[in-house]
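Residues per chain, in single letters:
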Amino acid sequence: MLKIVKDITPKKKMLFEILLGVVTITIFMFYVWITKENLKNLPPGPKGVFWFGLKIDIPNMHLDFTKWWKAFGDVFEVKILGRRILVLNSPKTIREAFESKAYTTLMNHRPPNFIGYKICNQYKCVLLRKYDPTFIAMKKEMVNSMDTHGFQSKHFRSLAADMMNDVVKDFIDLNGRPIDPMNVLRPSFCKMIGTLFAGNCSHILQKHVADFDSHGDQMIKPQIHGVYKKFPWIRWIPFQFYNRLYKLVQKIKKDLQKALLFDLRNSYNTSNIKCMVHQLFRSQDLQRLERGKPWLTDAHIHGIAMDLINTSILTTKAVMSGFIFLLLHFPEMQQKIQEEIDDVIGKDRQPEVDDRKKTPYIQACIYECLRYQSHLPLTAPHYNRKKVDIFKFTIPPKTIIFGNLFACHHDEELWEDPWTFKPERYLTEEGQLIDKDHPNMINLIAFGVGERMCVGYEMALDRMFLYTTYILQKFSFVVPNGSQLKSHDPRNMVSESPVLLPPPYMCRVVKRKEMGKDEAE
Ligand code: HEM
């Protein structure tokens, strides 16, 4: 051996090094050639720097995407930190990818993610799970239990009415003092979701829901979640933000598990099912009878509850605070809503969800608010596990796919004056709501489309209607003296990623009876 090493002359060594260099370059060229072959026919898009791709303002991704949409068209791709991202910018392309039969099983996955794995017990949830038979079955259970125990049920309706009356009382107590209306409304949103789960909502359950909402929302922000995903070990480094947040979310998750699964198991009675969690226990029992072991475990039920907290409170906060902001900007719209309430519901009867059908102007204002402000400017991320050929392009596997709802809702080709707030675009000349197949209805896709469409859209619309009518029946929102509202242009909305909120504002909630007096002051 020693002899061989001694025999290597400098000339041989150089030859060996040249050979090694040639082999390395050949392998590299071969790799480039193979990957280039696979990456033919990609969608157009802005080019960035090698692996790093483009610099992007993550919380305001929708604004960058909307700028690139103008340059590259309805379908483009960008690369950000080595990730390939496909952005779909029209209702037509979004429907084709997420809703059409040909692509349903291909484009409706979710990318692997830290929260789904670590918080939702290895993806035992709907929101963050890939598209597979368990996802389909879980979503069906979720929708079914929400339908039976939400606004369709007498029990829930009467509790919701009590909660609305509490909000009215809170506003009376505030006696027209300037406030951020979310200070009153957010606790009510938490209580409503707790009531949906448990049939009533104790203070402690309301607290767990509120805590999970605020800390879960923090963790789900792309800029924070991205760090957990790339460096999952960061949660073990003590005395820093990621460690504290992870521990806190795990603790609240346990508190919720106790309140929703252990405590509600004790009150479960098959002959008196009045809430979502009991309904899910019943599904478990039926599965046990049918197949011995239910696929719907307590961990799945826990996951469904965490999904609903994360998706419902943040979105309702965004839409309600956005809507009140618009009411302050457009007092004439507020007055027309109040006139419709007076005509259809009257000044004293409690509003009901069934009144929605009889109040087209209020519906039109809510739809226009959803379009104009586009509170969820992007869909949740979709993902393809395999290569997909679509729109004459090839989409490589493991691409993250976003529907750019903000672009869809502000496209000059689809909407007349898209940057103008105009509820009338949803009304016929006779003041009735336009049909479902009117282009303005088809192009309004605030809740997504297809298999990943929002499960809570009816509930969200019912809730917006109830809060609006209960409050505006008795009060008016007024800008406090001396304070200036910021512009309502949707491009100035503030990103609390993944939702958009109006710029911070204060308002006074003044009794309608006192409005004349108030104005005279
Ligand atoms: C106005 C308020 C709301 C808006 C604008 C909204 C919008 C959306 C959007 C855009 C998506 C993603 C669709 C996709 O990825 O393609 C979504 C998903 C979802 N939403 Fe909502 N949502 C709202 C309220 C709610 C409420 C109140 C609930 C529950 C009570 C809810 C539950 C969900 C769930 C569970 C998903 C995940 C569905 C899945 O992954 O298959 N949302 N929502």
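Read on for an overview of the structure. (Residues numbered from 1 in each chain as written. Predicted model: local features only at pLDDT ≥ 70, side-chain atom pairs only at ≥ 80, totals over all residues. Heavy atoms only, no water.)

### Quick word on the overall build of the protein
(1) Moving on: For the protein, the helix and strand inventory stands at 20 helices and ten strands.
(2) Moving on: Overall, the protein is about 105 × 55 × 45 Å in size when its C-alpha atoms are taken along their principal axes.
(3) Moving on: Within the protein, buried positions represent 51% of all 521 residues.
(4) Moving on: Long-range contacts, defined as pairs at least 24 residues apart, comprise 71% of the intrachain contacts of the protein with a sequence gap of at least 6.
(5) Moving on: Roughly 26,100 Å² of accessible area belongs to the protein as shown, and the carbon and sulfur atoms make up 59% of that amount. (Helix = DSSP H or I, 4+ residues; strand = E, 2+ residues; numbered from the N terminus. Buried < 20%, exposed > 50% of the residue type's maximum accessible area, 1.4 Å probe, protein only. Contact = heavy atoms within 4.5 Å. Areas by Shrake-Rupley, 256 points an atom, 1.4 Å probe, with all protein chains shown as cover.)

### Here's the deal with the environment of F114
(1) Moving on: Summarising the element assignment, F114 is placed in helix 6 (residues 114-119).
(2) Moving on: F114 sits 232 residues away from G346 along the chain, and the two C-alpha atoms are 50 Å apart.
(3) Moving on: For F114, the contacting residues outside a window of four places in its chain are I119, M219, H225, Y228, K229, P232, R235 and Y246.

### Considerations on the packing of helix 15 (residues 331-344) against helix 19 (residues 457-474)
(1) Moving on: The interhelical angle for the contact between helix 15 and helix 19, taken along N-to-C directions, is 95°, at an axis separation of 9 Å. As the angle between them shows, helix 15 and helix 19 are arranged roughly perpendicular. Facing Q334, I337, Q338 and I341 of helix 15, the residues of helix 19 in contact are T468, T469, L472 and Q473.
(2) Moving on: Taken together, the residues of the contact of helix 15 with helix 19 break down into three nonpolar, five polar and no charged. (Axes fitted to C-alpha atoms, helices over the stretch in contact; angles between N-to-C directions. Parallel < 35°, antiparallel > 145°, perpendicular 65-115°, else oblique. Nonpolar A, V, L, I, M, F, W, Y, C, P; charged D, E, K, R; others polar.)

### Quick word on the coordination of the iron atom of the ligand
(1) Moving on: A lone protein donor binds the iron atom of the ligand: C454 (SG), at 2.3 Å.
(2) Moving on: Examined against the element boundaries, C454 turns out to sit in the loop between helix 18 (439-442) and helix 19. (Donors = N, O, S within 2.8 Å, 3.2 Å for Na, K, Ca; no water.)

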